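Chain by chain, the residues run as shown.
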Amino acid sequence: MKEVKKELAITTSLIPTPARRGPKRLSPKHLLELATRLFIFKAERWKRRAIFYERHRDYFPRVSSSRFVDRCRELETAYRALAQIDVLLRLTISSCQSVRWRCENCEGKCVV
């Protein structure tokens, strides 16, 4: 039979990585987008939790018959409302920054 040698070669990455230039501050638009994503994520998590306990009512009779599932639905609704407000706030900020005339919402303070 033919003898086969298996060798493992470990090398460093050939793709250069950029050097760190220090901490980068996020703009308010990015922070609001991050907050919106967080609110949507939390709403989805509360929704999944409520669905789980409703689906497995036989295994968790005490939890599913208590107010917990209703509270999960309430929290889902609240987080979705926060995400909606956050989106509206972001749209207001971006419209104020991109308009070439005086904005009525900001009482003329955001002249670009």
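As a starting point, this report considers the structure included with it.

Quick notes on the rules
Counting of residues starts from 1 at the beginning of each chain's written sequence and follows it residue by residue. Predicted model: local features are reported for residues with pLDDT of at least 70 only, side-chain atom pairs are reported and counted for 80 or more only, and whole-chain, interface and lining totals are derived from all residues. With hydrogens and water stripped out, all remaining heavy atoms of the structure feed into the side-chain values. Helix numbers and strand numbers start at the N terminus; a helix is a DSSP run of H or I with at least 4 residues, a strand a run of E with at least 2. Only protein chains enter the area calculation, which uses a 1.4 Å probe; residues under 20% of their type maximum are buried, those over 50% are exposed, and those in between are partly exposed. Contacts are residue-level and defined by heavy atoms, with any inter-residue pair within 4.5 Å sufficient. Only the protein chains shown count as cover for residues, and all accessible areas are computed by the Shrake-Rupley method using a 1.4 Å probe. Here, nonpolar core refers to any group of buried Ala, Val, Leu, Ile, Met, Phe, Trp, Tyr and Cys residues whose side-chain atoms link them within 4.5 Å. Like charges within 9 Å and nonpolar side chains (Val, Leu, Ile, Met, Phe, Trp, Tyr) within 5 Å are joined into patches, using only residues over 30% in relative accessible area that form no salt bridge. By definition, a salt bridge exists where a carboxyl oxygen of Asp or Glu is found within 4 Å of a side-chain nitrogen of Lys or Arg. For this analysis, a ring pair means two rings from Phe, Tyr or Trp (six-membered ring only for Trp) whose centres lie within 6.5 Å, classed as stacked if their planes differ by under 30 degrees, edge-to-face if by over 60, and tilted for the remaining angles. Comment: the charge-over-ring label is applied if NZ (Lys) or CZ (Arg) is within 6 Å of the ring centre and within 35 degrees of the ring normal.

## Structural notes on the overall build of the protein
Helix and strand counts for the protein come out as three helices and zero strands. In the protein, which comprises 112 residues, the proportion classed as buried is 19%. Looking at the protein alone, contacts between residues at least 24 apart form 50% of all its contacts between residues at least 6 apart. Only carbon and sulfur atoms are counted for the fraction: they give 58% of the accessible area of the protein, which is about 10300 Å².

## Some remarks on the nonpolar core
If you look at the biggest cluster of nonpolar residues, it comprises 10 residues: F39, A43, W46, A50, Y53, V69, C72, L75, Y79 and A83. Elements with a minimum of two residues in this core: helix 1 (28-55) and helix 3 (68-98). Once you skip the residues sitting within four places of it in the chain, W46 turns out to touch C72, L75, E76 and Y79.

## With respect to a nonpolar patch on the surface
Residues F52, Y59 and F60 make up a contiguous nonpolar surface patch of about 340 Å² in total accessible area. Secondary-structure assignment places Y59 in the loop between helix 1 and helix 2 (61-65).

## With respect to the environment of L82
As for its placement among the helices and strands, L82 is situated in helix 3. On the basis of relative accessibility, which here comes to 37%, the residue L82 falls in the partly exposed class. Separated by 47 residues in sequence, L82 and A35 have C-alpha atoms that sit 9.2 Å apart.

## A look at the pattern of salt bridges
The tally for this structure, following the rule as stated, stands at seven salt bridges. Residue R80 is joined to E76 by a salt bridge in which the shortest nitrogen-to-oxygen separation is 3.5 Å. Taken together, the residues R80 and E76, both in helix 3 and four residues apart, mark about one turn of the helix. The exposure class of R80 is partly exposed, given its relative accessible area of 32%. For E76, a relative accessible area of 11% corresponds to the buried category. What you see here is one network of salt bridges that share partners, running through E44, E54, R73, E76 and R80.

## Remarks on the packing of aromatic side chains
With the rule as written, the count across this model stands at five aromatic pairs. Relative to Y79, the ring of F39 has its centre 6.1 Å away and its plane inclined at 35°; by these criteria the two rings are tilted. Placement of the pair is F39 in helix 1 and Y79 in helix 3, with a sequence separation of 40 residues. Of the two residues examined, F39 and Y79, each falls in the buried class. Ring pairing ties together the aromatic residues F52, Y53, F60 and F68, which thus form one cluster. Against the face of W46 rests R49, its NZ or CZ located 4.7 Å from the ring centre.

## Some details on the side chain of D86
Here D86 lies in helix 3. Discounting chain neighbours no more than four positions away, the residues touching D86 are L32, A35, T36 and F39.

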